Amino acid sequence: MKTRLMMFVAVFVLVAISVKGAVVDTLDVYSEAMKKNVQVVVVSPDNNRAPKPVVYLLHGYGGNAKTWISMKPELKDIADRDGLIFVCPDGKNSWYWDSPKDPSYRYETFVSSELIKYIDSEYPTVKDRSGRAITGLSMGGHGAMWLSFRHKDVFGAAGSTSGGVDIRPFPNNWEMSKQLGSESDNQEVWNRHTAITQIDRIKNGELAIIFDCGYSDFFFEVNNDFHKKLLKYKIDHDFLVRPGSHNGEYWKNSIDYQIMFFKKFFDKNKGKDIKRLIIYHI
């Protein structure tokens, strides 16, 4: 009888442990820069309060804060498995710029500063660029490269999947003219607000970079050009190409490889931090 009771308790404990899982929070984060609340979805592992690295996931045109968790519900399992926090802000159709035309669209300031400070204050994060990565799909891929190149002091790793990393070949698409003005009348503004022109802001080794695109994607050529320019500047990066188009099926698969890349980056830096602590204590 005693043995059966112990087995029952053991099974009960195992069941109790197994039902624990990642927590999905839907938040309203106030932006002082834009004078409004911004919806943010946060996926965090429910295991301990030890500091965890953060991956910021940016949605594409027409998306919102819930795009990633709806398309990739496995993020909850990945958060628990890898000990990562995923943060998904609603960037509207901003392309993640601080718009020179519309002061209510200051999403560069929000994501790179206000949101970082909020997440670091409310969650057990690694409060350093060595524990932060940013990536996104389509418009969000552009945003991730744009933000990471301009704020390399904030992010240590960056990615893009099917990213619109050069907006200039698409002057009449995706509401970009609402933020920048028409391309024909504002060519210099457009030149300054595309990710590919920000490459000269970084030096080799300052960012861990991964990006990918499907062969059948309408952004394939601009991604290939992005790759060539990084080679020209001798900046190390991973550029992955595979069969696929501009759709959820492709992104659900591609994000797994990017998370693996970021996890390797985080683990590498975690090892360095442990070595520094050991040396310090000795």
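I will try to describe carefully the structure that is included in this document. Keep in mind it's a predicted model, so treat the numbers as computed, not measured.

Attention now moves to the packing of aromatic side chains. Following the criterion strictly, the structure yields 15 aromatic pairs and no others. Pairing F218 with F219 gives two aromatic rings, centres 4.8 Å apart and planes at 65 degrees, and the pair type is edge-to-face. Residue F218 is classed as partly exposed on the basis of its relative accessible area of 44%. When its relative accessible area of 1% is taken as the criterion, F219 is described as buried. Following the ring pairs from residue to residue traces out a cluster consisting of W95, W97, F170, W174, F218 and F219. Positioned above the aromatic ring of Y105 is the side chain of K36, whose terminal nitrogen or guanidinium carbon lies 5.1 Å from the ring centre. Above the face of the Y257 ring, R242 is positioned so that its terminal group lies 4.8 Å from the ring centre.

Tallied over the entire structure, the rule returns 11 salt bridges. The partner of D120 in a salt bridge is R132, with the nearest N and O atoms 2.8 Å apart. Pair noted here: D120 is in helix α4 (residues 107-122) and R132 is in strand β5 (residues 132-136), with a separation of 12 residues, a long-range link. Among the salt bridges present, the one from R168 reaches D166, with a minimum N-O distance of 2.9 Å.

Since the α-helix turns once every 3.6 residues, residues separated by three or four places project in the same direction. Under the 1.5 Å per step criterion, the end-to-end length of helix α8 (residues 220-232) is 18 Å for 13 residues, consistent within 8% with the ideal 18 Å. Every buried residue belonging to α8 is among F220, V222, N223, N224, F226, H227 and L230, and all of these are buried. For α8, the secondary structure elements touched by its buried residues are α5 (139-150), β7 (208-214) and β8 (238-242). K234 sits one or two positions beyond α8 and adopts a positive phi of about 55 degrees.

This brings us to the nonpolar core. Ranked by size, the top nonpolar core spans 54 residues in total, and within it Y56, V87, I134, M145 and F226 carry the most contacts. For V87, the residues in contact, after removing those within four places along its chain, are V40, V41, V42, V54, V55, Y56, L57, L115 and I119. Of all hydrophobic cores here, the second largest spans 28 residues; its members include A65, I69, M71 and I78.

Further remarks concern the layout of surface pockets. Its boundaries defined by the atoms lining it, the largest pocket holds a volume of some 530 Å³. Taken together, 20 residues line the largest pocket, and the ones lying closest to its centre are A208, I209, F261, F265 and K268. Elements represented by at least two residues in the lining of the largest pocket include exactly β7 and α9 (248-281). Ranked by residue count, the leading element in the lining of the largest pocket is α9, at eight residues.

Analysis parameters
Residues numbered from 1 in each chain as written. Predicted model: local features only at pLDDT ≥ 70, side-chain atom pairs only at ≥ 80, totals over all residues. Heavy atoms only, no water. Phe/Tyr/Trp six-rings, centres within 6.5 Å; stacked < 30°, edge-to-face > 60°. Buried < 20%, exposed > 50% of the residue type's maximum accessible area, 1.4 Å probe, protein only. Lys NZ or Arg CZ within 6 Å of the ring centre and 35° of its normal. Salt bridge = Lys/Arg side-chain N within 4 Å of Asp/Glu carboxyl O. Helix = DSSP H or I, 4+ residues; strand = E, 2+ residues; numbered from the N terminus. Expected span 1.5 Å × (residues − 1). Contact = heavy atoms within 4.5 Å. Core = buried A, V, L, I, M, F, W, Y, C linked by side-chain atoms within 4.5 Å. 1 Å grid on protein atoms, 1.4 Å probe; cavity = no way out; pocket = protein on both sides within 12 Å on 5 of 7 lines; lining within 4 Å. Points joined across faces, edges and corners; volume = space filled by probe spheres on them.

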